[in-house]
Amino acid sequence: MAYTVLGVGIVFVIIFHVGTKERALDAFKDEPAFQKKADWRKWFRRPGFYQAGVIYMASRLMVNISQVYTPLYILHTLHMSKHNIAIFPLIVYVSSFLATLVMDRLHKALGSRMTYLLGLILVLGACVWMHFQPGRYDCVKQSAVMSNHTVTPSVLTPISPCTRGYEIVYNHNVHVEAIFGAAVLLGIGGASVLVTSLSMVSHVIGRETDNAAFVYGAMSFTDKLSNGAAIQVIQVLHPCSLTSCCPACSPYYRMVVSFIPGGAAAFAFLALVWIVSSERLRALFSGRCCNTGSIQNDSAPIDVHFKHNSDYRTMS
């Protein structure tokens, strides 16, 4: 399987490099970016740089943490069979692909902010769903086993073993397959926030492509740093040993897949409010009338006010 994935990746990389036609460098000689010396330090004086960075970092955190820990959630919290750890991400990816097909029309109809807000709502909905979705069975202490459940002796299962002192309590009339609905929400919401956050970064750069590599590199750096720190904290706080899973895994992975992406979505919402607030404050101090309605913008992925004569730049 690993060699198959590697081979397919190499084939498509070759197709991309051979089939993609690029404009000659001379075609850019009249661009403003080629008429002045690049100064990457200017971006640290622009609020839009930080706004786009926070939005992109939170978006990647939502998607990456859910991708890493949903297989463990499927196995050790819902106690589903192992083939479901392939079905769940497949549904997420298919939903994401289908969502990207209508993303352009959605941007034109709702605007980038409302599209991003819709994606946040879907991600939060998936997190709530995964938090309250009951598993096929639970491992509980023998003294806490309730009489109205069917109890079997402690057995060692290949999915999530109940250790000594714990009993398997089956949850009857529970359809764990309903969790695939959360996968659909997660796929559509994740695609919405990722595509919109990338468009935000692109429009912050605008025509000043002299430092585009630096901007994208900085965004990627915050992405990798936040994801690495989050995973490290999750592993440090893990209640079980590194060699085996214990009954405490079940509630722990439930909290991870619900609270971490959900918290990132809430943080991204605050960043979105920051963007709107900064726009309205700028409009107030500049004497311009601003729209007092809901969070809304035009059909562009994100509005950027260019002020070429100053170092101030922000996203509206």
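Further up the page is the structure itself.
Small disclaimer: the values here were computed from a predicted structure and weren't measured.

### Here's the deal with the overall build of the protein
Here's step 1: Helix and strand counts for the protein come out as eight helices and five strands.
Here's step 2: From first element to last, N terminus to C terminus, the protein shows the α and β order α-α-α-α-α-β-β-β-α-α-α-β-β.
Here's step 3: Looking at the protein as a whole, 40% of its 316 residues qualify as buried.
Here's step 4: Long-range contacts, defined as pairs at least 24 residues apart, comprise 78% of the intrachain contacts of the protein with a sequence gap of at least 6.
Here's step 5: Accessible surface for the protein amounts to roughly 17,500 Å². Of this, 68% is attributable to carbon and sulfur atoms.

### Concerning unusual backbone geometry
Here's step 1: You will see that histidine 79, though not glycine, has its phi angle at about 55 degrees, which is positive.
Here's step 2: Look at histidine 79 and you get buried, because its relative accessible area is 2%.

### Considerations on a nonpolar patch on the surface
Here's step 1: Taken together, the side chains of Leu90, Val94, Phe97, Leu98, Leu101 and Val102 present a nonpolar region at the surface, about 590 Å² in accessible area.
Here's step 2: As for its position among the elements, phenylalanine 97 is in helix α3 (residues 84-101).
Here's step 3: Residue phenylalanine 97 is classed as exposed on the basis of its relative accessible area, which comes to 52%.

### Some points on the nonpolar core
Here's step 1: Ranked by internal contacts, the top residues of the largest apolar core, which has 42 residues, are Met62, Tyr73, Phe88, Tyr116 and Ile179.
Here's step 2: At eleven residues, helix α8 (residues 249-285) tops the list of elements feeding residues into this core.
Here's step 3: Those residues in contact with tyrosine 116 that lie beyond four places of it in its chain are Ile55, Ser59, Met62, Val193, Thr196, Ser197, Met200, Ala268 and Leu272.
Here's step 4: Judged by nonpolar contacts, the second largest core, of eleven residues, contains Tyr56, Val204, Val215 and Ala218.

### Things to note about the packing of aromatic side chains
Here's step 1: Taken as a whole and assessed by the stated rule, the structure comprises nine aromatic pairs.
Here's step 2: The interplanar angle of 50 degrees and the centroid separation of 5.4 Å between the aromatic rings of tryptophan 40 and phenylalanine 214 together place this pair among those described as tilted. Here the residue tryptophan 40 occupies a position in the loop between α1 (2-19) and α2 (47-76), and phenylalanine 214 occupies one in helix α7 (residues 212-236), the gap between them amounting to 174 residues.
Here's step 3: Under the relative-accessibility criterion, tryptophan 40 is labelled partly exposed at 43%.
Here's step 4: Phenylalanine 214 sits in the partly exposed class, given a relative accessible area of 25%.
Here's step 5: Three or more aromatic residues joined by ring pairs form one cluster here, namely Trp40, Trp43, Phe44, Phe49, Tyr50 and Phe214.
Here's step 6: Above the face of the tryptophan 43 ring, arginine 46 is positioned so that its terminal group lies 4.9 Å from the ring centre.

The rules behind the values
Residues numbered from 1 in each chain as written. Predicted model: local features only at pLDDT ≥ 70, side-chain atom pairs only at ≥ 80, totals over all residues. Heavy atoms only, no water. Helix = DSSP H or I, 4+ residues; strand = E, 2+ residues; numbered from the N terminus. Buried < 20%, exposed > 50% of the residue type's maximum accessible area, 1.4 Å probe, protein only. Contact = heavy atoms within 4.5 Å. Areas by Shrake-Rupley, 256 points an atom, 1.4 Å probe, with all protein chains shown as cover. Patch = residues over 30% accessible without salt bridge, like charges linked within 9 Å, V, L, I, M, F, W, Y side chains within 5 Å. Salt bridge = Lys/Arg side-chain N within 4 Å of Asp/Glu carboxyl O. Core = buried A, V, L, I, M, F, W, Y, C linked by side-chain atoms within 4.5 Å. Phe/Tyr/Trp six-rings, centres within 6.5 Å; stacked < 30°, edge-to-face > 60°. Lys NZ or Arg CZ within 6 Å of the ring centre and 35° of its normal.

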